[in-house]
Structure formats: structure tokens, C-alpha cells
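# Report on the structure
Given next are the chains, with one letter for each unit.
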Amino acid sequence: MWADNFRCCILVMAGILISVSGCEQREAYQTLDRAHAYEAAGDETHAIEAYALAAQIAPRDAYLQRALARAHLRRQEFDLARESLDLAILLE
């Protein structure tokens, strides 16, 4: 009986974690889309802020860290690009 309750609690906790991480992931990628839109419109200030926010929302997502690194490279911010790229490599 207690094993069934324990298993049920574990499943509920896993479901909650998946749901929360899924929401964070969706929010991060929506923010990344906004960053691309800002950049396409020539608004570099809002673009880099959105790239950084996307990486901050899901800090363990290597793709978002690489996107932030590429954005820094396009702005010739080499030290910041290297930080993001190093983190992306570490996460992968």
C-alpha cells in the first residue's frame, strides 16, 4: 500500500516538473522568436535583450546559449560570445 502511494507521489512530482519545464521552454522559445523579429527589424538593443532573456528563462538549454553567442558575435562582443558558447558546450 505505501509503495503504491510513494509511486503515485513520484509520478505526480514528475508530471509537475515536466509541466513546469515545458512552460519555461515554450516561453524561452517565444522570447527567442521575438529576438529574431527585433533583429530583422533592425532593433539591436531589444534583440540582444530578448536573446539574453531567452537564455535566462531556460539557462540549461544549449541551443539558446548558442543563439545568444551568435547574437553577441554579430555585434562583435567577443568576450560575451565566448561566455555563452563555453556554457553551451558545457551543457552539451
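Scroll up a little and you will see the structure.
Residues numbered from 1 in each chain as written. Predicted model: local features only at pLDDT ≥ 70, side-chain atom pairs only at ≥ 80, totals over all residues. Heavy atoms only, no water.

### Quick notes on the side chain of Ser 84
You can see Ser 84 is positioned in helix H4 (residues 78-91). Excluding its chain neighbours within four sequence positions, the residues that come into contact with Ser 84 are Gln 65, Leu 68, Ala 69 and His 72. (Helix = DSSP H or I, 4+ residues; strand = E, 2+ residues; numbered from the N terminus. Contact = heavy atoms within 4.5 Å.)

### A look at the pattern of salt bridges
All chains considered together, the criterion is met by four salt bridges. The partner of Glu 39 in a salt bridge is Arg 74, and the shortest N-O contact between them spans 2.9 Å. With Glu 39 in helix H1 (residues 2-40) and Arg 74 in helix H3 (residues 62-74), this residue pair connects regions lying 35 residues apart in the sequence. For Glu 39, a relative accessible area of 23% gives the class partly exposed. The shortest N-O distance in the salt bridge between Arg 66 and Glu 92 comes to 2.2 Å. Placement of Arg 66 in helix H3 and of Glu 92 in the segment after H4 is noted, with a sequence separation of 26 residues between them. Overall, the relative accessible area of 60% leaves Glu 92 in the exposed class. By sharing partners, the salt bridges in this structure join Glu 39, Arg 74 and Arg 75 into a single network. (Salt bridge = Lys/Arg side-chain N within 4 Å of Asp/Glu carboxyl O. Buried < 20%, exposed > 50% of the residue type's maximum accessible area, 1.4 Å probe, protein only.)

### Notes on the packing of aromatic side chains
Enumeration over the complete set of coordinates arrives at one aromatic pair. Between Tyr 29 and Tyr 63, the ring centres sit 6.1 Å apart and the planes meet at 15°, which makes this aromatic pair stacked. One end of the pair, Tyr 29, is in helix H1; the other, Tyr 63, is in helix H3, with 34 residues separating them in the sequence. The partly exposed category is assigned to Tyr 29, whose relative accessible area is 27%. (Phe/Tyr/Trp six-rings, centres within 6.5 Å; stacked < 30°, edge-to-face > 60°.)

### Quick notes on the side chain of Gln 65
Position of Gln 65 among the secondary structure elements: in helix H3. Judged by relative accessible area, which is 6%, Gln 65 ranks as buried. Once residues within four sequence positions are removed from consideration, Gln 65 is found in contact with Ala 55, Pro 59, Ser 84, Leu 87, Ala 88 and Leu 91.

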